[in-house]
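# Residue-level structure breakdown
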Amino acid sequence: LKLAKKDGAPLTYANVLITGGSGPVGQALVELALREGAKVYATAHKMHEEHLTKLGAKWFSTKPKKWLPSLEGKMDVVIDSLCV
């Protein structure tokens, strides 16, 4: 996340998309981005939706065709923890 910050500024209100939000790295990124005040969107399998939502992230399917049209061009930071 440090590299995503412009001039070290916090990610407050930034739209952050994290692919693989339920994996160990993805989940850590979700929590760190939320602590920074970002609006976090995370992709994961359906079975992880409730957990990610409870953390404060907006869940999206692992299939980009389902969410890419609605998010395209709207993210300030995209972190791909799955190499999608």
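A short tour of the structure in this document, coming up. For every chain, the first residue of the written sequence is number 1, and numbering continues from 1 along that sequence. The predicted nature of this model means local features are confined to residues of pLDDT at least 70 and side-chain atom pairs, given and counted, to a pLDDT of 80 or more, with totals for whole chains, interfaces and linings taken over all residues. Neither water nor hydrogens contribute to the side-chain values; these are computed over all heavy atoms in the structure.

### Focus: the overall build of the protein
The secondary structure listing takes helices from DSSP runs of H or I that are at least 4 residues long and strands from runs of E that are at least 2 residues long, numbered from the N terminus. A tally of helices and strands in the protein yields three helices and four strands. Walking the protein from its N terminus toward its C terminus, one meets helices and strands in the order β-α-β-α-β-α-β. Every radius of gyration here is taken over C-alpha atoms, with the globule rule written as 2.2 Å times N^0.38, N being the number of residues. Radius of gyration (C-alpha) of the protein: 12 Å, near the 12 Å computed for a compact globule of 84 residues. Its C-alpha atoms put the protein at 35 × 25 × 20 Å along the principal axes. Lys and Arg are tallied as positive, Asp and Glu as negative. Neither His nor the chain termini are counted. For this purpose, a charge sits on NZ of Lys, CZ of Arg, CG of Asp or CD of Glu. The averaged location of the 8 negative side-chain charges in the protein is 4 Å from the averaged location of its 12 positive side-chain charges.

### A short note on the sheet that holds strand β1 (residues 15–19)
Strand order across the open sheet formed by four strands is β3-β2-β1-β4, with parallel pairing between neighbours. Every interior strand has two partners, whereas the edge strands, β3 (58–60) and β4 (77–80), have only one. The average undirected angle you get between the axes of adjacent strands in this sheet is 20°. Running at roughly 130° to β3, helix α3 (residues 64–71) makes contact with β1, β2 (39–43) and β3 of the sheet. Note: two strands are recorded as paired if DSSP finds a minimum of 2 bridges between them. The axes used here are C-alpha line fits, helices contributing only the stretch in contact, and every angle between their N-to-C directions lies in the interval 0 to 180 degrees. Residue contacts are counted whenever heavy atoms from the two residues lie within 4.5 Å of one another.

### Comments concerning the nonpolar core
Residues grouped as a nonpolar core are buried Ala, Val, Leu, Ile, Met, Phe, Trp, Tyr and Cys residues, joined through side-chain atoms within 4.5 Å. Accessible area is worked out with a 1.4 Å probe on protein chains only. A residue is then buried under 20% of its type maximum, exposed over 50%, and partly exposed in between. Grouped together as the largest cluster of nonpolar side chains are 16 residues, with contacts concentrated most on V16, I18, V30, A38, V40, L52 and A57. Sorting the residues of this core by element identifies β1, α1 (24–35), β2 and β4 as the ones contributing at least two each. For this core, the element with the most residues is α1, which contributes three residues. Residues within four places of A38 in sequence aside, it is in contact with L11, T12, Y13, A14, V16 and A33. Residues L17, Y41, L71 and M75 belong to the second largest nonpolar core, which totals six residues.

### Re the side chain of T43
As for its position among the elements, T43 is in strand β2. At 2.9 Å, the side chain of T43 forms a polar contact with the backbone nitrogen of G20. Under this definition, polar contacts are N or O atom pairs within 3.5 Å; protein pairs additionally need one hydrogen-donor-capable and one acceptor-capable atom, and for neighbouring residues in sequence, both atoms have to be side-chain atoms.

### Description of the pairing of β2
Most of β2 sits out of view: four of its five residues are buried. Note that β1 and β2 share four bridges and pair parallel. Residue pairing for β2: V16 is matched across the bridge by V40. Between the parallel pair β1 and β2, the chain is carried across by α1, and the sense of this crossover is right-handed. With its strands directed away from the observer, a crossover is right-handed exactly when the path from the first strand over the helix to the second travels clockwise.

### Observations regarding the pattern of salt bridges
Every case where a carboxyl oxygen of Asp or Glu lies within 4 Å of a side-chain nitrogen of Lys or Arg is listed as a salt bridge. Tallying each qualifying case throughout the model produces two salt bridges. Here K54 and E50 are joined by a salt bridge, their closest N and O atoms 3.1 Å apart. Separated by four residues within a single helix, K54 and E50 lie in helix α2 (residues 49–55), roughly one turn from each other.

### Digging into the environment of L29
With respect to the helices and strands, the residue L29 is situated in helix α1. Taking relative accessible area as the criterion, L29 reaches 14% and is therefore assigned buried.

Read these as geometric descriptors, not functional statements.
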